Structures are given as C-alpha cells and as structure tokens.
Amino acid sequence: MGSSNDKIQIRSQHLDGAEVSWFAPICSDDYEFLGVPDSKYKSSWSHTSDIVKTADKMGFKNILCPSSFQVGQDTLSFVAAMAPQTENINLLAAIRCGEIHPPMLARTIATLDHMLEGRLTINIISSDLPGETLPSEVRYSRSREVIKILKQAFDEEKIDFKGEHYDLELKTTDPTKPYQKGGPLLYFGGYSPAAKELCAEFCDVYLMWPEPEEKLRAHMEEMTALAAKYGRKIDFGLRVHAIVRDTEEEAREYANRLVSKLDDEKGDEIRSRALDSKSLGVSLQSSNRDKADNDGFVEPLLWTGVGRARSGCGAALVGTADQIVERIEQYQQMGMRAFIFSGYPHKKECEIFGEKVLPKLKTITLAKELERVPDVVPDTPLGGGLRV
C-alpha cells in the first residue's frame, strides 16, 4: 500500500505488507488490572520467555524487548537467551546509548546477530543513564557518536573516530562483523528536534506513539523532509496497545475493566519511575489524555486510559478485529510499515490478537524485504569466514 500523501516518502514504498510485532514486558509491565501488581505477571524469565515463544508461534514478525533501570531483566541477556528458543520471530533489542563502550557494544550486537542468524533488530534509545540527568542535546550527541562508531564497526575495516564523547582507534573490526549486511536495522523513537535529526540522518524506522491521525501525519511529513536533507528515505512505525474483542462493546468493557482498580497515585508512581518520564514524547501522550472524551477516547477506537499507569506509549486501539484491521490499513496508506502491539495481560492478548487480527493481514519482515539478511551464512569471522 502506498502513501496517500506526497509529503510522506518512505523507503519501502514498494511493499504492500506490514511488519506486525508484539512486546516483551521484561521491565515489570504486565498486569491483569493496571496498577495492581500480581506475582504471576512479574518479569520473571519463565513468564516473559513464554510470551516471546507465544508471539513466535502466533506468527508475529518481531518483538520489542525494552530497556529500563527497574525491577526486571537485562535486555541483551534476555535476547541472547531467547535466540535458541525462537524460530522465526525477530528480536528488537533496546540499546541505551552510552551504557556499553561502543566497540564492545558492536561486538555484542554482532554476536547476537549471528546467534539469531539475522533475526536481530535494534531500538536506539537516548534516555538518561541511571543516576544521571543530561540535557537532551548532550544525550543525542552521545547517541550520534555511538551510531557512527557502530556503523564503522559493521561496515569498515577499522574504527577511527574522534568526537566529543569518544576518541577511538582500532586497527581491526573483525570482532564486530554482524550477520546482516550493514548490521541490524535501527528503529528509533523520539520527538525533540535533536531526536528527529538523529533519526533522519542514521536510522531506518521512525517509531511513533499513538496520537490522532493528523498529528501522526505531521510527524511523518517532518521526518520525510529531514531525511531528504541527508539524501535518505526512512520507514515509519507505530507502537500502540490493542484490545480486540468480538464486539466493540465487549472491547470497551474490557478497557474499563483494565483500569477499574487503578489508583491515580499508583499510576503516577508507575509513570514517574521510567527513565523517559519527563520526555517530550511522554508529554504528548499526556496531552492526548487531556483532550480525550469522558470515556477516554481521543478519536474513534483510540483509547488513552492505558496511559494513566504507563510512561511512554499511552493509548490503545479498542474494537473488533475488522475495526482494528481497517485502522491498520489506514495507517499503511499513510506510509507506515511497522507496528508494535501489546495488551494486558500480554500473553492472553497476544493469543487473541494473533488469532483474530493477524490472519487478516499480510505480514512481512522488514529486514528480509530490505535485503539485509543474506541467503547463506556470511564470510565473517563468526560466520563462514576463515579463522584468523
């Protein structure tokens, strides 16, 4: 499906399918009732690995593994452990720039990419590291340098980099050669001018949080123009929750049930403990709630109630399978090619979405469609190359 707006240009214009993904709540974000902790939904290995394996079985093409400093699991450790337990699904690993020395981060990514045989994707994050508070421009400056170093590590024979944050010289990049051509696709979300500029210059998929369509379109038009400055086109994606039921009334009833035990003070506590709780993107999600009707809907099907107890993505598509499919197709017409869904509890809603919605969609894996994944094991030191 092409874009219906000439001001929105995408790299994957030729594709008529979408990468439909799920979410792994490895950072303590799974509930039956929002804001009410329940031990059976905690971020244990057994629980969250079961969600990933369920998403793989249901046919989701990718799964977001987030990063945050709160009770839960380390992202890269979790992704490594899931590699041999999954067959088809990609793993979208969140990387907090600055957390790991860039050459070692490149080696870690290359290792994971080979373990997964090209099923690795990367979500670039520029939030504060635990215990620090830096201006937005500084954080994105650091991220820009990390990405530049990663690209040298993946594509060139040596690392030679001098910047404000890093001064590196390495004569070989053999330890950092990934499975995929050019390394895993870089997914990115951010709303500040510095964030959008970074994504336009270096990243592959710009992820947005749910907002009314005219605002999503405005972000996409702006990103198209920014990417064009660098002679590039990027792709667009949407991170959003979903509640799918046989009737719209049942879906709305479940949404109300989800927040029926939520204490507003507990919701504030949950939102404030995230490292991105004061970001521009989070403030935009809060604005959606302020503009919603008495039932929490900011536009038809888009319910903001989930944001009362969650920092970040704060709205859900609520309706029947056909309604959700129609909305996804509308987003595709706008130019979106990637969707990351979730629901509470995550395993049950993964199964419902997988049974009711996925069969009605043509799904793809972006990395394969964009020819990043080789047909045979590459001649890298960790692949088919000679031992050095």
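For the structure, check the block above.
If you're wondering where the values come from, they're calculated on a predicted model, not measured in any experiment.

What counts and how
- Residues numbered from 1 in each chain as written.
- Predicted model: local features only at pLDDT ≥ 70, side-chain atom pairs only at ≥ 80, totals over all residues.
- Heavy atoms only, no water.
- Disulfide = S-S within 2.5 Å.
- Helix = DSSP H or I, 4+ residues; strand = E, 2+ residues; numbered from the N terminus.
- Expected span 1.5 Å × (residues − 1).
- Buried < 20%, exposed > 50% of the residue type's maximum accessible area, 1.4 Å probe, protein only.
- Contact = heavy atoms within 4.5 Å.
- Salt bridge = Lys/Arg side-chain N within 4 Å of Asp/Glu carboxyl O.
- Axes fitted to C-alpha atoms, helices over the stretch in contact; angles between N-to-C directions.
- Parallel < 35°, antiparallel > 145°, perpendicular 65-115°, else oblique.
- Left-handed = near helix turned anticlockwise from the far one by under 90°.
- Nonpolar A, V, L, I, M, F, W, Y, C, P; charged D, E, K, R; others polar.
- Core = buried A, V, L, I, M, F, W, Y, C linked by side-chain atoms within 4.5 Å.
- Pairing = 2+ DSSP bridges.
- Right-handed = clockwise from strand over helix to strand, strands pointing away.

Student: What's the story with the state of the cysteines in this structure? I'm lost.
Tutor: Two cysteines form a disulfide when their sulfur atoms are joined by a covalent bond. For the structure shown, the criterion picks out zero disulfides. No disulfide involves cysteine 313; its nearest neighbouring cysteine sulfur is the one of cysteine 27, lying 15 Å away. Looking at the unpaired cysteine 350, the closest cysteine sulfur is the one in cysteine 65, lying at 13 Å.

Student: How do you make sense of helix α3 (residues 102-115) when you look at a structure like this?
Tutor: Quick reminder: α-helices carry 3.6 residues per turn. Residues three or four places apart thus point the same way. The end-to-end C-alpha distance of α3, which contains 14 residues, comes to 20 Å, matching closely the 20 Å that a straight helix rising 1.5 Å per residue would cover. Of all the positions in α3, only Pro102, Pro103, Leu105, Ala106, Ile109, Ala110, Leu112, Asp113 and His114 are classed as buried. Its buried side turned inward, α3 meets α2 (75-82), β3 (90-96), β4 (120-125), α4 (136-155), β5 (159-162) and β6 (167-170). Phi turns positive, to about 50 degrees, at glutamate 117, one or two residues after α3.

Student: What is the right way to look at unusual backbone geometry in this model?
Tutor: With omega at -15 degrees, the peptide bond leading from tyrosine 344 into proline 345 counts as cis. With respect to the helices and strands, the residue proline 345 is situated in the loop between β13 (336-342) and α11 (346-356). Phi at serine 28 takes a positive value of approximately 65 degrees, unusual for a residue other than glycine. Positionally, serine 28 belongs in the loop between β1 (19-23) and α1 (45-58). Notably, glutamate 117 is not glycine yet its phi reads approximately 50 degrees, a positive angle. With respect to the helices and strands, the residue glutamate 117 is situated in the loop between α3 and β4.

Student: What is the right way to read the pattern of salt bridges from this model?
Tutor: For side chains bearing opposite charge, pairing can occur when the charged atoms are close. Under the counting rule described, the total for this entry stands at 19 salt bridges. The closest approach of N and O atoms between arginine 257 and glutamate 32, which form a salt bridge, is 2.7 Å. Here arginine 257 is found in helix α7 (residues 248-258), whereas its partner glutamate 32 is found in the loop between β1 and α1, with 225 residues between them in sequence. By relative accessible area, which is 32% here, arginine 257 ends up partly exposed. Assessed through its relative accessible area of 21%, glutamate 32 is described here as partly exposed. Through salt bridges with shared partners, a single network forms among Arg11, Asp204, Asp235 and Arg372.

Student: Would you mind showing me how to read the packing of α3 against α4 here?
Tutor: Their axes nearest at 9 Å, the elements α3 and α4 cross at an angle of 55 degrees. Considering the angle they form, α3 stands oblique to α4. Both α3 and α4 take part in a crossing whose hand is right-handed. Contacts from Pro102, Leu105, Ala106 and Ile109 of α3 reach α4 at Val146, Ile149, Leu150, Ala153 and Phe154. Its residues placed into classes, the contact of α3 with α4 shows nine nonpolar, no polar and no charged.

Student: Sorry, what's going on with the nonpolar core here?
Tutor: Side chains of nonpolar character tend, in soluble globular proteins, to be buried together. Phe60, Phe236, Met336, Phe341 and Phe353 are the most contacted members of the largest nonpolar core, which totals 88 residues. Per element, the largest residue contribution to this core is seven residues, and it comes from α4. Among residues more than four places away in sequence, those in contact with methionine 336 are Met208, Leu216, Met220, Phe236, Leu238 and Tyr331.

Student: What is the right way to read the pairing of β4 from this model?
Tutor: The side chains of a regular strand alternate between the sheet's two faces. A large share of β4 lies buried, amounting to six of its six residues. In β4, alternate side chains face the same way, and those of Leu120, Ile122 and Ile124 on one face and Thr121, Asn123 and Ile125 on the other are all buried. Pairing geometry for β3 and β4, over six bridges, is parallel. Among the inter-strand pairings, leucine 92 is bridged to a residue of β4, identified as threonine 121. In this region the chain leaves β3, passes through α3 and returns to the parallel neighbour β4; the handedness of that crossover is right-handed. Pairing geometry for β4 and strand β7 (residues 186-188), over three bridges, is parallel. What sits directly across from asparagine 123, in β7, is tyrosine 187.

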